[in-house]
Each structure stands twice: as C-alpha cells, then as structure tokens.
Amino acid sequence: MYFDYLATTPPDPRVLDAMRPYWEGRFGNPHADAHIYGLDAKEAVEEARAKLARLLPGARGEWTFTSGATEANNLVLKGLADLAPAGRTRILVSAIEHPSVLETARFLRGRGFTVDELPVNNDGALDVDAFTSRLGEDVLLASVMWANNETGVIQPVEAAARLCRERGILFHTDATQAAGKIPLETVPDFLSLSAHKLYGPKGIGALYVGPGLRSRLGVQIHGGGQQDGLRSGTVAVPLTVGLGAAVDAALAGMTEEARRLQDIRNRFEEGLRASFPDLRVNGEPSPRLSHVSHFQIPGVPMADLMAALPEIAVARGSACSTGGEEISHVMAAMRMEFFAHECLRVSFGRPTTQADAEALLASVAETAAAIRDQAGFSAQKK
C-alpha cells in the first residue's frame, strides 16, 4: 500500500497518453524548426508552456523548463548571486527549505554572501516577525517554500512576498509540493516546481521568472542558447508535454480532490486519536496540505513500526534528505529533535480510497500498540 505521495506520484494515465506520441513517431527536435518535424515538436513545447502558465493566473513572466525543482532552485540562487548589485550581499531562507535551497544558499557563503536561516514557530510555519526584521537594504533575495515537504504546512507566502515587494527585495518560492494541490494566488518574482510531485513524469520541472527579471540571472548551463539562453540544452519534448498534461489534469479537479483527500486525512487522524489520545499532529493549527498527516505517537519508534510493516510505503521525513538516522532539519527547526524518531509522515493521493486509509489506520494502530506494550510504555509516563 502506497502512502508516500509527497515523495513522488505515479504518472496520471492522461499524462502517459499525452507523452506517448512523442516517444514514438513525433520525435522531432524543437530547436530544429526549419522543417515539419522540428516545428511539430516546437509547437508541443509551447503548448505545454501555455498550460504551465495556468498555475499562476495573471502572471506576466516567463517559464523555463528545467530537469526539476532542484535545478530551478540552483538557477535562481546562483544566477542572482552571479549578477548581484553592489551592496546586495545577504540571502534569506527559511530554516525548513528543501535541501536544494538550503545547500545552495550555504554554498554561496563561500562566495561572500551572508545567509540568514529564518526560524519557524512550533507549528512549522515561518515566523513572519523574524522575517520582517531581517528585510534590510542589503538583502538580495528571500526564499520561502509554499508548502513544506515533511509536515505539509502551508507557509505565509502571500505575506512574505508582499513584505519583499514593498522593500524592493526579490522573492522566490519553491512551490513543488503546492503546485496543482492548492491555488497559487500570489505571484512571486521566481517560482520553482517539479512535475513528478503532481502526477507528471520525473526529470522535468520549471522555473517562473517575473517580468524584466531574466537579465538579473546569470546563466548556469551554457551551450546552444536554447530557452532564450537561460538554460541551454535540447528541451525534452515528451517530458515537457507530460508536465503540461499533468497541470491540466491537476487544475481540472483540484478543489474537489483536495476536499476528498482532506476528508480521508481527517478520518485517519481521528482514528489514530481514538487509539492514542496522546497523539500529536505536527503542523496544527497552521493550515496544512489536505493530503498530508505528520504525527507523533509517543513511545513508538517509527523505524520499528516501519520495519514491522514492510508492505506499507510511508516515510519518516523528506525523500530528498540524506544522512540515515540524522534528525530532520525540519524537526530541528520546530524544536522537535527529542521526538523526531517517533514521527511519521503519511501522504495520500489520487488513487487512495477511504478503504485504503482504513486499512492503513488498522495496521498502524495495531502495530504501534504492540510496540508500546512490548516496551511497557504507559501514556502517563510522558
């Protein structure tokens, strides 16, 4: 049983159908547009770009296709650093960002930039007061993810973007977990995403660049000058078409699907609370993605629970983190280090039924209770 949709999602059948012709007879190079094969591929890429733009209604910037959000995040941070105006030497990032933002920002420290990793509250949401206090004239960029990839907590992106705009500071958001799941009603200066988190193919992502900001980015991949010279290399037509189809599918039923998954998630958490009254749901009461549950069952090491349930795919943290038994940086930022080993991340998806969630609940509750009993745990001990 699969309950790790924050790690990746299976390609939607509509995505596979859209891509198939471009793996077969429609194989043209979109940059060799002097003949019908290239023109056909070019039109497919531009159609996908137009579909992608629907994620940010009213945005007037441009979309560049990348290999994924990791490359897009690197392009924003390193690209801006390469051409930073004099005096703009500080970068702000939230402490719970994806490693491709945090590690890239830390890399830039070696190039003379100051990096402030901003705190979050105990719910895992950005501390807006602390964020505001750091918005000085020396700040080049602030980066705050739209929704966290461990807790599912939706960040105050609208407030952060507005505060930056009022001060002339560039703002970037990694919307990988939010795109296609919730409306993106704030238009940032830069936005990154990956297709495989919204039922598209792996190996394709995109970067949104606001109007007039293309010239602020130093090129990171040189070559044939494709995509207006910002990201050289032949665009992967089948993957690009797949991303466009994934966006279409996501937007077609986003509101209804969010409600359905929230109902499944809420019933699951209610069932857990009935079995474990001392359950802690991480992220409450901040707004969360409707398909995510990140929780702690005191007295239950989740490595033991997962080992006892090898047929169930769940997670203890981000699929993009490394380090084995190291404490998640998200849990550390939420001051949950001591309890991190008792936390589990469950994420539901389009194929998930209520019956699936009930089966998961029964397995987790029974196994967790057995682990507690074996350890002689009593809720009163905590």
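Residues numbered from 1 in each chain as written. Predicted model: local features only at pLDDT ≥ 70, side-chain atom pairs only at ≥ 80, totals over all residues. Heavy atoms only, no water.

**A look at helix H7 (residues 237-252)**
For H7, with 16 residues, the first-to-last C-alpha span of 23 Å sits near the 22 Å given by 1.5 Å per residue. In terms of burial, H7 is largely enclosed, as 13 of its 16 residues are buried. (Helix = DSSP H or I, 4+ residues; strand = E, 2+ residues; numbered from the N terminus. Expected span 1.5 Å × (residues − 1). Buried < 20%, exposed > 50% of the residue type's maximum accessible area, 1.4 Å probe, protein only.)

**Thoughts on the pairing of strand S4 (residues 139-143)**
Burial analysis of S4 places five of its five residues in the buried class, which makes it a mostly covered element. Examined bridge by bridge, strand S2 (residues 90-94) and S4 share four bridges and lie parallel to one another. Looking across to S4, one finds that Ile91 is bridged to Leu141. Here S4 runs beside strand S5 (residues 170-174); their pairing, made up of three bridges, is parallel. Looking across to S5, one finds that Leu141 is bridged to Leu170. Regarding topology, helix H6 (residues 157-167) serves as the crossover connection from S4 to the parallel S5, and that connection is right-handed. (Pairing = 2+ DSSP bridges. Right-handed = clockwise from strand over helix to strand, strands pointing away.)

**A closer look at helix H2 (residues 36-53)**
Over its 18 residues, H2 extends 26 Å from the first C-alpha to the last, a length consistent with the 26 Å expected when each residue adds 1.5 Å. Of the positions making up H2, those classed as buried are Gly38, Asp40, Ala41, Ala44, Val45, Ala48, Arg49 and Leu52. Elements in contact with the buried residues of H2: helix H1 (13-23), strand S1 (62-66), strand S6 (190-194), strand S7 (205-209) and H7. (Contact = heavy atoms within 4.5 Å.)

**Considerations on the sheet that holds S7**
Read across the open sheet, the seven strands follow the order S1-S7-S6-S5-S4-S2-S3; overall the sheet is mixed. Every other strand in the sheet has two partners, leaving S1 and strand S3 (114-118) as the edge strands with one partner each. Looking at each pair of strands side by side, their axes are set apart by 20° on average, direction ignored. By the bridge criterion, three bridges tie S5 to S6 in an arrangement that is parallel. Residue pairing across strands places His172 opposite Phe190, the latter belonging to S6. Contacting S1, S6 and S7, H2 crosses the sheet at an angle of about 115° to S1. Its contacts with the sheet put helix H3 (residues 69-82) on S1, S4, S5, S6 and S7, and the angle it makes with S6 is roughly 155°. (Axes fitted to C-alpha atoms, helices over the stretch in contact; angles between N-to-C directions.)

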